[in-house]
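# A closer look at the structure
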Protein chains: 2
Amino acid sequence: MLQAQRLQTDQWKSGTRVNAQLRARSAERTRSMILDLIRAHGRISRVELAALTGLTESTISSTVREIIADGLVLETGFSESTGGKRRTLLGINHAARHGVGLTIDHERLTYVVADFAGELVGSLTAEGTGDVHPDNVIVRMASEVKSLLRDLQVDPVSVVGIGVASPGPLDGRAGVLRGRQPTPEWSGYPLRGRLEDVSGYRVALDNDATCGAVGELWTSRRGAPRPVSATVYMADGIGCGILIDGGAFHGTSANAGELGHICLDLNGPKCSCGGRGCVEVYAGPAAVVARASKDRALVKRLDLDPDRGHRSNFARIVKNAARGDEQCLELVTFSARHLARGIVTLCNILDLDEVFLSGPGFSEAGAIYSLVIQDELDAATFMRSVHPVRVDVANIGSEAAALGAATLILQQELTPHSVLRSAGSRVTLPTQLGAGA
Amino acid sequence: MLQAQRLQTDQWKSGTRVNAQLRARSAERTRSMILDLIRAHGRISRVELAALTGLTESTISSTVREIIADGLVLETGFSESTGGKRRTLLGINHAARHGVGLTIDHERLTYVVADFAGELVGSLTAEGTGDVHPDNVIVRMASEVKSLLRDLQVDPVSVVGIGVASPGPLDGRAGVLRGRQPTPEWSGYPLRGRLEDVSGYRVALDNDATCGAVGELWTSRRGAPRPVSATVYMADGIGCGILIDGGAFHGTSANAGELGHICLDLNGPKCSCGGRGCVEVYAGPAAVVARASKDRALVKRLDLDPDRGHRSNFARIVKNAARGDEQCLELVTFSARHLARGIVTLCNILDLDEVFLSGPGFSEAGAIYSLVIQDELDAATFMRSVHPVRVDVANIGSEAAALGAATLILQQELTPHSVLRSAGSRVTLPTQLGAGA
């Protein structure tokens with residue numbers, strides 16, 4: 001974008017050729033904006049589109065004609081009469097396009113299909129990657145996508161692409177994972193390229209917590225988005241998705257929101273990220289299980305089993321905490337207090353308005369976490385004298401991140417101007433020329 | 001804005017009256033966008049404006065006619081001929097409007113005047129607030145603004161308002177400080193209202209680090225802004241301004257970027273914010289002076305004097321560190337390492353692209369800080385395998401925050417669509433309807 005701008009500035013002198021290019025880009029943006037407005041409103045008339053965008057009614061008419069011809073939008077009836085002429089209303093053709101979302105995980109793969117309005121069409125849960133070679137997992141993924149589309153009777157031609165949600169660090173631009181999940185073998189593996197080759201679809205890779213935050217927003221239908229909110233996503237690790245006025249904040253390389261790797265103690269225990277005293281080494285499920293495992297009587301009483309993997313052991317601990325078991329309550333509270341300290345730092349940097357707790361880590365003991373975190377934020381954020389920060393448990397299933405990934409690829413393909421690149425800007429707005437241009 | 005949107009949705013049925021309102025808002029946005037494009041480009045033709053905005057040439061013509069009539073824009077010559085017709089170029093009328101910026105501080109008040117293009121016209125440094133009652137300081141401020149405008153021969157009628165930069169926490173919406181600086185007496189004092197009453201100008205209150213980041217960007221002329229950058233501002237405290245695609249990120253209440261209050265050790269020394277082990281208690285100027293003061297021989301050798309206030313004592317320490325004094329170097333390195341750990345957390349949350357060090361705290365030993373911080377970021381950010389984060393000393397004077405405050409009030413008054421409310425959105429864009437609408 002910025003390169004394109006510089007190009008424009010340099011080439012303006014050369015006249016009409018460049019202006020033709022600019023006009024084409026501008027028409028694309030107009031189309032993107034109009035599609036987004038129709039989607040967001042459900043039903044809207046051409047006159048209202050003109051008023052909202054500042055574009056002339058003739059520009060609106062020709063653009064709408066084009067997107068109706070493409071089958072993206074339908075005329076869905078008339079506005080109520082208020083004395084004047086009744087207006088034809090436009091609505092999104094839900095079935096026109098679909099997006100597939102997929103969360104990649106060692107123990108479980110979750111697939112969803114979303115329609116053009118971002119609504120869930122159906123989902124599939126399958127075996128995780130395990131320790132199988134990525135090449136073989138990719139082949140299975142492509143085949144599972146195909147059979148899900150067939151089962152849901154979704155036309156494969158209507159699918160714009162596959163959004164893959166993964167824990168970070170990842171290189172969103174190169175489409176490559178850079179961390180140790182689901183297995184170290186995936187680090188550096190050309191996930192996007194291979195899945196594109198095998199599936200035939202366009203693929204985009206994004207942070208699971210960011211996808212979770214987007215999915216949570218789309219499914220919660222809470223109404224107006226908050227100015228700045230964070231959706232804390234706890235599964236194996238702890239991340240968070242940051243939403244600004246309802247749009248996903250990605251940071252420079254889609255690695256924003258690494259809440260689990262906020263340092264709480266410079267001299268604390270070592271963390272897998274190479275740092276010390278990170279939130280995750282106190283608050284993460286594995287840390288909670290490790291603390292519990294030091295007490296043999298507790299291990300016996302809860303029937304904790306190191307061979308079972310820490311997820312199900314963690315689930316036992318939080319279930320018992322929710323039932324009032326004092327020892328388990330102490331373990332969960334210890335985790336919640338440390339997570340809360342990380343969220344205080346998040347607030348002090350982002351001046352958050354609201355925090356949502358989401359992901360399987362909160363499914364049993366969300367209420368305990370929520371209370372402890374709310375207390376800590378009320379007592380300790382830097383801006384507590386100015387405004388409170390509300391903590392809520394987000395009521396979502398395991399499909400949230402996958403649904404977010406599906407909606408992000410739909411946005412990227414069809415309403416590109418609405419996708420937040422870093423965060424401040426929609427991709428093609430002229431105001432990006434900003435101060436430095 | 002969101003309220004306004006809901007209003008629109010509810011009232012659409014009532015037809016033309018509402019559409020007239022929408023049209024008025026849309027005309028305002030068009031005007032704001034065109035002004036911003038002309039400012040950013042220096043010189044630009046109507047045809048290019050049409051191509052860049054997607055608006056029709058007739059909309060551009062009528063809007064440009066209006067802003068020329070208002071004296072905001074001038075016709076400044078013709079484009080070079082490339083065979084076709086030469087085009088009239090438009091440029092901002094620098095003298096048409098001015099903004100005053102002011103940093104409020106216990107020891108020093110800095111005033112600047114910026115022209116409509118955001119360029120520095122002149123500045124004034126005056127005595128700080130000291131412990132004088134706010135009412136009396138406000139009267140002096142209004143009079144100093146008046147005399148600065150007179151000295152610079154700036155027409156008072158051309159001034160759109162006064163931007164005040166202050167350390168947080170503050171309530172930007174209410175125009176009230178909420179912290180202990182410059183003195184606790186200012187906390188809760190109706191600064192904005194009083195200064196508006198006494199000066200007769202509109203006043204806006206903003207975070208000093210955010211203003212510093214904006215001022216740094218405007219004066220550095222680095223070219224294209226980075227996707228996500230932070231300008232660390234060290235004076236008495238340590239804050240940072242966050243820029244996203246060149247726009248200021250404010251958070252919910254203009255309190256984003258409190259880097260100094262990132263917790264590095266849950267069990268660390270108490271901090272003035274009520275927390276423990278904050279970055280400031282290890283890295284801030286007062287902390288460096290306190291560590292130095294424990295060594296009597298050093299106090300004597302550097303002639304440190306507790307009665308002098310920590311600013312000048314800190315200046316002695318960093319000057320000696322820069323000259324290679326080993327003990328001072330150790331003190332500064334200790335500060336830099338802890339600051340670096342806070343910046344690592346900042347990177348892990350925001351996925352930063354670049355960090356600038358600015359403010360008086362870095363004026364003598366910026367190079368030492370920069371080296372230590374760069375090493376730490378290279379070794380410890382969560383996304384280090386994906387991309388590096390560059391650290392640079394920002395070459396700016398003490399006027400940066402004041403200039404930023406002046407440009408922010410100019411933007412707010414004249415190109416409101418370009419001001420980032422929280423961060424994701426420009427104030428009046430239809431895409432804000434987004435997912436939740």
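Computed from a prediction, not measured in an experiment: that's the story for all the values here.

The next point concerns the overall build of chain A. Each helix and strand in chain A was counted, giving 14 helices and 15 strands. Buried positions account for 55% of the 437 residues belonging to chain A. Considering only intrachain contacts with a sequence separation of at least 6, the fraction spanning at least 24 residues in chain A is 62%.

This paragraph deals with the nonpolar core. Of all hydrophobic cores here, the largest spans 250 residues; its most connected members are Leu102 and Val232 of chain A together with Leu102 and Val232 of chain B. If we ignore the near neighbours within four places in the chain, the residues touching Val232 of chain A are Ile238, Cys240, Leu259, Ile343, Val355, Phe356, Leu357 and Ser358 of chain A.

As a further point, take the environment of Asp378 of chain A. Residue and element names in this part refer to chain A. Its place among the elements puts Asp378 in helix α13 (residues 366-380). Taking C-alpha positions, Asp378 is 6.4 Å from Pro388, a pair spaced 10 residues apart along the chain. In contact with Asp378, not counting residues within four places along its chain, are Arg384 and Pro388.

Moving on, we come to the sheet that holds strand β7 (residues 159-166) of chain B. Residues and elements named next belong to chain B. The five strands are arranged β6-β5-β4-β7-β10 in an open sheet whose pairing can be described as mixed. Of all strands in the sheet, those bounded by a partner on one side alone are β6 (120-127) and β10 (203-207). On average, adjacent strands in this sheet sit at an angle of 20° to one another, irrespective of strand direction. Those strands touched by helix α6 (residues 191-199) are β7 and β10, and its axis lies near 145° from that of β10.

Residues and elements named next belong to chain A. Buried residues dominate strand β7 (residues 159-166), accounting for eight of its eight residues. Relative to β7, strand β4 (residues 98-103) runs parallel, the two being bridged by six bridges. Looking at β7, one finds that Leu102 is bridged to Val164. In this sheet, strand β10 (residues 203-207) lies alongside β7 in parallel orientation, the contact comprising five bridges. Note on β10: the bridge partner recorded for Val164 is Leu205.

Given 3.6 residues to a turn, an α-helix orients residues that are three or four positions apart in the same direction. Turning to helix α9 (residues 285-293) of chain B, its buried residues are Pro285, Ala287, Val288, Val289 and Ala292 of chain B. Of the surrounding secondary structure, the elements contacted by the buried residues of α9 of chain B are α8 (279-283), α10 (296-302), α11 (310-322) and α12 (326-350) of chain B.

The relative placement of two packed helices comes down to the angle between their axes together with the axis-to-axis distance. Residues and elements named next belong to chain A. One can describe the packing of helix α3 (residues 46-53) onto helix α4 (residues 57-69) by two numbers: an axis separation of 9 Å at closest approach and a directional angle of 120°. Of the possible angle classes, the one that applies to α3 and α4 is oblique. The two elements α3 and α4 meet at a crossing, and its hand is right-handed. Facing Arg46, Val47, Leu49 and Ala50 of α3, the residues of α4 in contact are Glu57, Ile60, Ser61 and Val64.

On to the packing of helix α5 (residues 134-151) of chain B against α6 of chain B. Residues and elements named next belong to chain B. Running from amino to carboxyl end, α5 crosses α6 at an angle of 50°, the nearest separation of the two axes being 9 Å. By the criterion of interaxial angle, the relationship of α5 to α6 is oblique. Considering the relative orientation of α5 and α6, their crossing is right-handed. Residues Ile138, Val139, Met141, Ala142 and Val145 of α5 lie in contact with α6, whose contacting residues are Arg194, Leu195, Val198 and Ser199. Tallied by class, the residues present in the contact of α5 with α6 amount to seven nonpolar, one polar and one charged.

Residue and element names in this part refer to chain B. Spatial strand order, β1-β3-β2: three strands in an open sheet with antiparallel pairing. Only two strands of the sheet have a single neighbouring strand rather than two, namely β1 (44-45) and β2 (73-78). As defined by bridge partners, β2 adjoins strand β3 (residues 88-92) across four bridges and the pair is classed as antiparallel. Residue pairing across strands places Glu75 opposite Leu90, the latter belonging to β3.

The predicted coordinates of low-pLDDT regions are not to be read in fine detail. Of all residues in chain A, 86% attain a pLDDT of 70 or more, and the chain-wide mean is 85. Confidence, expressed as mean pLDDT per element, reaches its minimum in chain A at helix α1 (residues 2-11) of chain A with 37 and its maximum at helix α5 (residues 134-151) of chain A with 97.

As a further point, take helix α11 (residues 310-322) of chain A. All names here are of chain A. For α11, with 13 residues, the first-to-last C-alpha span of 18 Å sits near the 18 Å given by 1.5 Å per residue. Among all positions of α11, only His310, Asn313, Phe314, Ile317, Val318, Asn320 and Ala321 are buried. Taken down its axis, α11 places every buried residue within 160° of arc, on the same side. As for α11, its buried residues are in contact with α9 (285-293), α10 (296-302), α12 (326-350) and α13.

What follows covers the pairing of β6 of chain B. Residue and element names in this part refer to chain B. The sheet contact formed by strand β5 (residues 108-115) and β6 spans seven bridges and is antiparallel. Considered in β6, the bridge of Tyr111 is made with Leu124. Hairpin connection of β5 to β6: four residues between the antiparallel strands, including Gly118 at a positive phi of 85°.

Turning our eyes to something else, we now look at the environment of Arg323 of chain B. Note that Arg323 of chain B resides in the loop between α11 and α12. For Arg323 of chain B, a count of 11 C-beta atoms within 10 Å translates into the label exposed.

A separate point is unusual backbone geometry. The omega torsion of the bond from Gly168 of chain A to Pro169 of chain A falls at -5°, within 30 degrees of zero and hence cis. Inspection of the secondary structure puts Pro169 of chain A in the loop between β7 and β8 (170-171). In the segment running from Gln181 of chain B into Pro182 of chain B, the intervening peptide bond is cis, with an omega of -5°. Of note, Pro182 of chain B is situated in the loop between β9 (176-177) and α6. Residue Gln153 of chain A is not a glycine yet carries a positive backbone phi of 55°. Examined against the element boundaries, Gln153 of chain A turns out to sit in the loop between α5 and β7. The backbone of Asp303 of chain B shows a phi angle near 55°, a positive value even though the residue is not glycine. With 9 C-beta atoms packed within 10 Å, Asp303 of chain B lands in the exposed category.

As a further point, take the environment of Phe249 of chain B. Residue and element names in this part refer to chain B. On the secondary structure map, Phe249 appears in strand β13 (residues 247-249). C-beta crowding within 10 Å serves as the criterion here: with 29 such atoms nearby, Phe249 is assigned to the buried category. Between the C-alpha atom of Phe249 and that of Thr210, which follows or precedes it by 39 residues, the distance is 7.7 Å.

Parameters at a glance
- Residues numbered from 1 in each chain as written.
- Chains lettered and ligands numbered in written order.
- Predicted model: local features only at pLDDT ≥ 70, side-chain atom pairs only at ≥ 80, totals over all residues.
- Helix = DSSP H or I, 4+ residues; strand = E, 2+ residues; numbered from the N terminus.
- Buried ≥ 20, exposed ≤ 12 C-beta atoms within 10 Å, placed from the backbone.
- Contact = placed C-beta atoms within 7 Å.
- Core = buried A, V, L, I, M, F, W, Y, C linked by C-beta atoms within 7 Å.
- Pairing = 2+ DSSP bridges.
- Axes fitted to C-alpha atoms, helices over the stretch in contact; angles between N-to-C directions.
- Parallel < 35°, antiparallel > 145°, perpendicular 65-115°, else oblique.
- Left-handed = near helix turned anticlockwise from the far one by under 90°.
- Nonpolar A, V, L, I, M, F, W, Y, C, P; charged D, E, K, R; others polar.
- pLDDT = per-residue confidence, 0-100.
- Expected span 1.5 Å × (residues − 1).
- Arc of directions from axis to C-beta.

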